[in-house]
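Secondary and tertiary structure notes
Chain by chain, the residues run as shown.
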Amino acid sequence: MSNEHGYHGNTENHLARLRRIEGQVRGLQRMISQGEYCIDILTQVSAVQSALDSVAVNLLKDHMNHCVVTAARESDEAAQAKVDEAAAAIARLIKS
């Protein structure tokens, strides 16, 4: 199996999204240090969570399109292992 990860073709896109999220988190720190209104801060927290969820969904899609498909071409057992791995990742995501 290839050592290349499914997100390889989208690395720059994922990094750009994460940099935006990093900026949002810094904005949250600034809002708290400046004593902004609680609800405004919570609104921004929700936006950060949504942005992280979007990154997670895109990474999962990349995983399915690359890693699971590659494993399916190798064997049924390899495919099942990748599907199980993806299912566990989804379970962790919806738990949080």
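Residues numbered from 1 in each chain as written. Predicted model: local features only at pLDDT ≥ 70, side-chain atom pairs only at ≥ 80, totals over all residues. Heavy atoms only, no water.

In the nomenclature of an unreviewed UniProt entry, the protein is known as Copper-sensitive operon repressor of Schaalia odontolytica. One UniProt comment on the protein, placed under Sequence similarities (unreviewed entry), says "Belongs to the CsoR family." (UniProt positions renumbered as here; feature names shortened; annotations may be inferred.)

Let's talk about helix α1 (residues 11-33)
Each α-helix turn comprises 3.6 residues. Residues three or four places apart therefore point the same way. The end-to-end C-alpha distance of α1 is 33 Å, a good match for the 33 Å that 23 residues give at a rise of 1.5 Å each. Inspection of α1 places His14, Ile21, Gly27, Leu28 and Met31 among the buried residues, and these make up the whole buried set. Contacts from the buried residues of α1 go to α2 (38-74). Glycine 35, located one to two residues past α1, shows a positive phi value of around 70°. (Helix = DSSP H or I, 4+ residues; strand = E, 2+ residues; numbered from the N terminus. Expected span 1.5 Å × (residues − 1). Buried < 20%, exposed > 50% of the residue type's maximum accessible area, 1.4 Å probe, protein only. Contact = heavy atoms within 4.5 Å.)

With respect to the layout of surface pockets
The space that makes up the largest pocket amounts to roughly 210 Å³. Forming the boundary of the largest pocket are Ala56, Leu59, Leu60, His63, Glu85, Ala86, Ala89, Arg92 and Leu93. For the lining of the largest pocket, the element with the highest residue contribution is helix α3 (residues 76-95), accounting for five residues. Class assignment for the residues of the lining of the largest pocket results in six nonpolar, one polar and two charged. (1 Å grid on protein atoms, 1.4 Å probe; cavity = no way out; pocket = protein on both sides within 12 Å on 5 of 7 lines; lining within 4 Å. Points joined across faces, edges and corners; volume = space filled by probe spheres on them. Nonpolar A, V, L, I, M, F, W, Y, C, P; charged D, E, K, R; others polar.)

Notes on the nonpolar core
One finds Ile21, Leu28, Met31, Ile41, Val48 and Val55 forming the largest nonpolar core, which totals six residues. In contact with valine 55, not counting residues within four places along its chain, are Arg17, Leu18 and Ile21. (Core = buried A, V, L, I, M, F, W, Y, C linked by side-chain atoms within 4.5 Å.)

What about the environment of aspartate 53?
Turning to its location among the elements, aspartate 53 is positioned in helix α2. Using a relative accessible area of 47% as the deciding quantity, one classes aspartate 53 as partly exposed.

Brief notes about the packing of α1 against α2
The geometry of α1 relative to α2 is characterised by a closest axis approach of 10 Å and an angle of 165° between their N-to-C directions. In terms of orientation, α1 and α2 fall into the roughly antiparallel class. Like other packed secondary-structure pairs, α1 and α2 cross with a definite hand, here left-handed. Of the residues contributing to the contact of α1 with α2, the split by class is 14 nonpolar, five polar and three charged. (Axes fitted to C-alpha atoms, helices over the stretch in contact; angles between N-to-C directions. Parallel < 35°, antiparallel > 145°, perpendicular 65-115°, else oblique. Left-handed = near helix turned anticlockwise from the far one by under 90°.)

Concerning a nonpolar patch on the surface
Taken together, the side chains of Leu15, Leu18 and Leu52 make up a nonpolar region of the molecular surface, amounting to roughly 220 Å² of accessible area. Residue placement: leucine 52 occurs in helix α2. (Patch = residues over 30% accessible without salt bridge, like charges linked within 9 Å, V, L, I, M, F, W, Y side chains within 5 Å. Areas by Shrake-Rupley, 256 points an atom, 1.4 Å probe, with all protein chains shown as cover. Salt bridge = Lys/Arg side-chain N within 4 Å of Asp/Glu carboxyl O.)

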